[in-house]
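If you want the building blocks of each chain, they are given just below.
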There are 6 protein chains.
Amino acid sequence: MALISYEEASPEVRAVYDDIMETRQVDRVNNFWLGLAVDPPTLRRTWESVKEVMAPGALDPLVKELLYVAVSVTNGCEYCIASHTASARKKGMTDEQLAELLAVVGMANETNALATGYGVPVDEAFRRD
Amino acid sequence: MALISYEEASPEVRAVYDDIMETRQVDRVNNFWLGLAVDPPTLRRTWESVKEVMAPGALDPLVKELLYVAVSVTNGCEYCIASHTASARKKGMTDEQLAELLAVVGMANETNALATGYGVPVDEAFRRD
Amino acid sequence: MALISYEEASPEVRAVYDDIMETRQVDRVNNFWLGLAVDPPTLRRTWESVKEVMAPGALDPLVKELLYVAVSVTNGCEYCIASHTASARKKGMTDEQLAELLAVVGMANETNALATGYGVPVDEAFRRD
Amino acid sequence: MALISYEEASPEVRAVYDDIMETRQVDRVNNFWLGLAVDPPTLRRTWESVKEVMAPGALDPLVKELLYVAVSVTNGCEYCIASHTASARKKGMTDEQLAELLAVVGMANETNALATGYGVPVDEAFRRD
Amino acid sequence: MALISYEEASPEVRAVYDDIMETRQVDRVNNFWLGLAVDPPTLRRTWESVKEVMAPGALDPLVKELLYVAVSVTNGCEYCIASHTASARKKGMTDEQLAELLAVVGMANETNALATGYGVPVDEAFRRD
Amino acid sequence: MALISYEEASPEVRAVYDDIMETRQVDRVNNFWLGLAVDPPTLRRTWESVKEVMAPGALDPLVKELLYVAVSVTNGCEYCIASHTASARKKGMTDEQLAELLAVVGMANETNALATGYGVPVDEAFRRD
């Protein structure tokens, strides 16, 4: 696949790269964005969405990164596991936290299969929520 | 499917039900466990694992519930979404936190597909982590 | 969705229904096939494939049904879990066997997530296989 | 990722490694466990569960390995496919059996998609099961 | 879950509903958007993204709806199958086209599993693409 | 894994290889079929099905390849993404079309997760379809 470097990027793409580096306080743009840059509208739209969704809010940014890793492991996306694990570490995730996260993700995948396989009906108490 | 009520449960199954209610400080056992009770060894083993994994540790119990919901949404497990959303609410999850969680899970599923579809190679910087 | 009953079916579709009932020694055709009948070429092709793949061979038919249930649980296909669990019971599956199957499927989904999350490299010994 | 060798392992981890080698009658521990060893409680808990679930019971151990491979293929877990295919071969799986297993897994994934896509309602006869 | 009707919606949410109805030339907003409205920023962001992505471009809008149905079937999302099948019909999809789409989706899920299960290496000729 | 070359193939397998090359007007058989050839009945059956399903019909062959890519991305099947992207290019897919396809697949995976996570009920208007 093509990765569009900063040097070869159009002004439109460079503006996104600049915003990524400034928002994240980093001096390089990771491959995901260099790859999306072959399609500038998708690059821009995806970055705007990720920036909005991952900003501090009711959940803190580290928790959001942990959620991202959990989904990426469940989907088996190697790139996404690597990049969001790195982001989570930058935001303070410890080895112990990563280990617990993976233990929870493992159990959730197991009990999802058990609930589905046994066809467990949703409790009335949960429906009222 | 069969759900084994407390009344009809064997002493072995009741011991698990009792531990669930005591550990969680609740007065009823939700359907997932009533369903697993048709296979007492799986009931006991799964409960022991869930109890250990979901206990407070390097991650707090609410964060663990949020991770559980994120995996369950990604797998499309209706029962698991309902039960772990209810558990997360009991541990203090607000509507705003749930909304942000779902926004992150949505974005993660989108960018997982984009990274996979574009075949983005993992950055050397992430491999060194 | 439309379900095409035997009475309203074309001769081409009826021929498939007749073969399903004769091959399986049953006197009704289950909804999956009644649904596919809106597209007779897919009905015929799918039935021919299922008949060939599920026939006795190096694996016995009950083991093949168990594998079908395991995949269906992993994919969360409610219809497929129901229909292949029923088929497996007709071929002799006991409650104990179903419980063990679901326990294995649960564990496999858990350890799949752990192997993926930890990024475990394949052992050289396995590659030589 | 880190793989914890026997030599560098703590006594707690070595005890699990020893039990794996003795239970399976092998003289090395495969990478999955060496990877989990960074989190000793998850290593111990996962091994205890796998040992219990994969032991002979109502289903024979080879059938359990076949089910494990079927789930792993469906989830696209390369490590798990490699390791459980190797385990299945050790327990006697022939090339013909593997080929039939993959044919069933392929068909199950196809018909899962067809049942879901057509929205086929579960037959009353299956619900009564 | 809560569905926010037009009457009870805030001006910010109504503005999105109005744009959905005008863009699609319809006089009601479907439940997906009424559900997302509990989180107005996600409602607005998701709608802006869907509007941009589904607009006519290098692929025509009907083909985009067909792709949406294919992904939704593969993920087993009942709501999404129903809503995008309805959208595709409005854009001219015939019964024959839907049947062929589902046949392709079924085969793709089968051969994905076979390629994964056999561990087929990517052809050099494809890598050069 | 084993790949069965034309030279070492049995007459039964060669007949399939010949039909693949003639049908597709190519002078080599890609690895997927060379891999399936260890199991000639699966090779033959799968090829016959793919040939039938991917033939021109109510949907044109390029649209069918695009659907194949969409499913393969959603399942994370690297081989299938590579081979069907190459097939789509041969049938005329442009870079712009591929970029739009991936944008749709990304959005569909996101909104599938949102619809599932919010538990959106299917609109009555869609059920009547």
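All residue numbers refer to position in the chain's written sequence, counted from 1. Chain A is the first chain written and ligand 1 is the first ligand written, with later ones labelled in order. It should be noted that, the model being predicted, local features are given only for residues of pLDDT at least 70 and side-chain atom pairs only at 80 or more, the latter also being counted only at that level, while totals for whole chains, interfaces and linings use all residues.

What follows concerns the overall build of chain A. Counting secondary structure elements, chain A contains 7 helices and 0 strands. Ordered by position from N to C terminus, the α and β elements of chain A give α-α-α-α-α-α-α. For the radius of gyration, the atoms used are the C-alpha atoms, and the globule rule reads 2.2 Å times the number of residues raised to 0.38. In summary, chain A has a C-alpha radius of gyration of 18 Å against a globular reference of 14 Å for 129 residues, an excess of more than 25%. Burial is judged by counting the other C-beta atoms within 10 Å of a residue's own C-beta: 20 or more makes it buried, 12 or fewer makes it exposed, and any count in between marks it as partly exposed, with every C-beta position built from the backbone. The buried share among the 129 residues of chain A stands at 56%. The long-range fraction of contacts in chain A, counting pairs at least 24 apart against all pairs at least 6 apart in sequence, stands at 54%. Secondary structure elements follow DSSP: runs of H or I of four or more residues count as helices, runs of E of two or more count as strands, with numbering from the N terminus. The contact criterion used is a C-beta to C-beta distance within 7 Å, with each C-beta placed from the backbone.

Let us look at helix H4 (residues 61–75) of chain B. Residue and element names in this part refer to chain B. Here H4 is 15 residues long and its end C-alpha atoms lie 21 Å apart, about the 21 Å a rise of 1.5 Å per residue gives. Across the 15 residues of H4, 13 count as buried, placing the element largely inside the fold. Trailing H4 by a residue or two, Gly76 shows a phi angle of about 70 degrees, which is positive. To estimate how far a helix should reach, multiply one less than its number of residues by 1.5 Å.

Below, the discussion takes up the domain arrangement of chain A. Residue and element names in this part refer to chain A. Each domain's limits were defined by an automated method or a database of domain assignments. Annotation of chain A at the domain level lists domain 1 (9–55) and domain 2 (57–120). Computed over C-alpha atoms only, the centres of domain 1 and domain 2 are separated by 24 Å. Listed per partner, the contact involves 4 residues of domain 1 and 5 residues of domain 2. Just so you know the grouping, Ala, Val, Leu, Ile, Met, Phe, Trp, Tyr, Cys and Pro go in nonpolar, Asp, Glu, Lys and Arg go in charged, and all remaining residues, Gly too, go in polar. Across the side of domain 1 that touches domain 2, the residue classes break down as 3 nonpolar, 1 polar and no charged.

This paragraph deals with the interface of chain A and chain B. Every contact between the two is made by 56 residues of chain A and, on the other side, 56 residues of chain B. Elements that contribute at least two residues to the side of chain A that touches chain B include exactly helix H2 (31–36), helix H3 (40–54), helix H4 (61–75), helix H5 (78–90) and helix H6 (95–118) of chain A. For the side of chain A that touches chain B, the element with the most residues is H6 of chain A, which contributes 16 residues. When the residues that make up the side of chain A that touches chain B are grouped by side-chain class, the tally is 31 nonpolar, 18 polar and 7 charged.

Copy-to-copy superposition: least squares on the C-alpha atoms, limited to residues that have pLDDT of at least 70 in both copies. Turning chain A through 180 degrees and shifting it by 0.0 Å along the axis lays it on chain B, with an RMSD of 0.0 Å. Here the symmetry operator amounts to a two-fold rotation axis. The residues that chain A uses at the interface reappear at the interface of chain B in 100% of cases, marking a shared surface.

Right, let's talk about the environment of Leu59 of chain B for a bit. Tracing the sequence through the fold places Leu59 of chain B in the loop between helix H3 (40–54) and H4. The class of Leu59 of chain B is buried, set by 23 C-beta atoms lying within 10 Å. Considering only alpha carbons, one finds Leu59 of chain B and Glu100 of chain B, 41 residues apart in sequence, at a separation of 19 Å. Ignoring any residue separated from it by four or fewer positions in sequence, one finds Leu59 of chain B in contact with Gln97, Glu100 and Leu101 of chain A together with Lys64 of chain B.

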